[in-house]
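# Residue-level structural notes
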Amino acid sequence: MIPLLRQRLRRDWLQLSLWVIGAVLLAYAGYAGVTQSYSTVADRQEVLAAVAANPVILMFRGLPSGTSVGAFLAFEDLPWLAMLAALMSTFLAVRHTRGDEEAGRSELVAATPASRTLPLLATIVHGLAANVVLGLLIGLSLIGAGMDTAGSLLLGAAAAATGVSFLGVGLVAAQLMRTSRGANALTVWLLVATFLIRGMGNLAGTPSDDLSRIDSAWPVWLSPFGWAEQIRPFDENSPWPLVLGFAFGIVLAVTATVLQSARDLGASFIAERGGRASARAALASPHALVWRLAWGSLLGWVIGGVLTGFLATTLGGIAGQVAGENPAVAQILEKIARAGDLDEAMITVFFTMLGVLAACAGVQTIIRARQEEAHGTAEPVLAAAVGRVRWLADYAIVATVGVALVVAAAMVAAYVGLAANGAPADLFRVVTVTGLGQFVAASVFTALTALVFVLAPRATLGAGWTLVGVAAVLGMFGPLMGMPEWLTSISPIAVTPVVSHGDVDLRGLWWLVFAVVVAGAGALTLMRRRELESDG
């Protein structure tokens, strides 16, 4: 097993370093933001009171557990630290199981005297070690900042336990699905579903009299994210929910081992859907083939866009009612959005989330080009009368269309929500301006990922998702964490045009357009001279 672990460490050190460093920086930035922006108990009490009465914010934040600096830090950061650990673990699990089977590496290992389950056992040890390191470094970073030792270590352990849970989810998904793409899709949807279940459990919970604490309802016990929050670091410091997270992951890992022993190498328990004997006429062109490959994932992002647009306009009344009773809600939303009144801020905040969803749709489509190249399925296409530039341009076009569909779906849903609520005409203009601005911002990620694909093909997947993740943290949470404006402005989604008191603030629109043109043109130009690079 030691040689396998060494090989994986050599192969994964950069990706794992980025995940771990990103989590540590998020934890430390959260501490800095709390101490700078919410330095007094009264400040933190106002925010928690607003959150306890507001389903919009509570759905996407942690569990209120008191007004201390540590408890407030856990409320702000724990769900996102846990999500980083979960994503790191699921991708690791699928990459070294189903991904290695697809690439033929598992067959090479199986040809040696090593047992058939040894690669899977190595993946389990690898994933456990990665999560322990992530959790330990998060805890040490907070201890170094002066936080309580027990609470700091438990907060890191909560993130690690969630990562271990989803390590098991990824291992089982890799046994069930025929491709690594299918396994990753299944794990991401389960991650999103359990994250939302956690949020609904907190929404249905019982707030304390001073609204600084919420006792969650039973649905939180159906989610690994909910287990992590029930530890309540820096408040109760209850370690026993950690047992649920680690035990759940280990049980699923054992299940994956049993499933692997019952199937052939390269087979799966959920059979891949068979294709037609002959292609439709609509698949007669390269861009039609790209669309056929990408439409399933794009559909999921479009559904997310519809929900985002609908919530952006239908929940405004709730936020307005709460803001009338407690101005902290308006302060929070306006701090993120830098917009004028509360309705404008509400739309801007949700459409910032929309920018992240649209960017994910574009980046995933470009990554699909890299996957086709790595697996050797791009070569038959390029062997026909299709040039490299046209081949990449087809992916870029489909990615851009996908981004446009996600944004358009959200805008239409927002228009419907505004019309149903009898909103003033000015808000329709806000939706239009912010939606179009986020389309341009999301296109920046598409163009940059295409440029990375041309210059450093093997880094495409890691770089693409890292760009989106960093931009999401800076753009959505930077203002709440007290980050300087120049730092948050690095994120394209944070510098898009917004409407403030009826006036359009163009912000960095022209820089975004410039970045799209330069990166896109550079990718297509440089593609002329690049050779195909497999994953071997």
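In case you missed it, the structure is sitting above this.
Computed from a predicted structure; not experimentally measured.

Moving on, we come to the packing of aromatic side chains. Scanning the entire structure with this criterion turns up 13 aromatic pairs. Geometrically, the ring pair formed by Trp19 and Phe91 is tilted, given 6.3 Å between the ring centres and 50° between the ring planes. Of the two residues, Trp19 is situated in helix H1 (residues 2-37) and Phe91 in helix H4 (residues 69-95); the sequence distance between them amounts to 72 residues. Since its relative accessible area comes to 21%, Trp19 is described here as partly exposed. Using a relative accessible area of 17% as the deciding quantity, one classes Phe91 as buried. An aromatic cluster is defined as three or more aromatic residues linked by ring pairs; in this entry it consists of Trp80, Phe166, Phe195 and Phe225.

To continue, consider the nonpolar core. Counting 62 residues, the largest nonpolar core has Phe351, Trp391 and Phe453 as its most contacted members. Sort the elements by how many residues they give to this core and helix H15 (residues 342-374) lands first, with 15 residues. Not counting residues within four places of it along the chain, the set of residues in contact with Trp391 comprises Ala369, Glu373, Ala378, Val381, Leu382, Val386, Phe453 and Met527. Among the nonpolar cores identified, the runner-up in size contains 61 residues, and Ile124, Ile138, Ala158 and Phe195 belong to it.

By secondary structure assignment, the location of Ser238 is in the loop between helix H10 (224-229) and helix H11 (240-261). Engagement of the side chain of Ser238 in a polar contact is seen with the side chain of Trp240, the distance being 3.2 Å. When neighbours within four sequence positions are excluded, Ser238 is seen to be in contact with Leu154, Gln230 and Ile231.

Calculation notes
- Residues numbered from 1 in each chain as written.
- Predicted model: local features only at pLDDT ≥ 70, side-chain atom pairs only at ≥ 80, totals over all residues.
- Heavy atoms only, no water.
- Phe/Tyr/Trp six-rings, centres within 6.5 Å; stacked < 30°, edge-to-face > 60°.
- Helix = DSSP H or I, 4+ residues; strand = E, 2+ residues; numbered from the N terminus.
- Buried < 20%, exposed > 50% of the residue type's maximum accessible area, 1.4 Å probe, protein only.
- Core = buried A, V, L, I, M, F, W, Y, C linked by side-chain atoms within 4.5 Å.
- Contact = heavy atoms within 4.5 Å.
- Polar contact = N/O pair within 3.5 Å; in protein donor to acceptor, adjacent residues only side chain to side chain.

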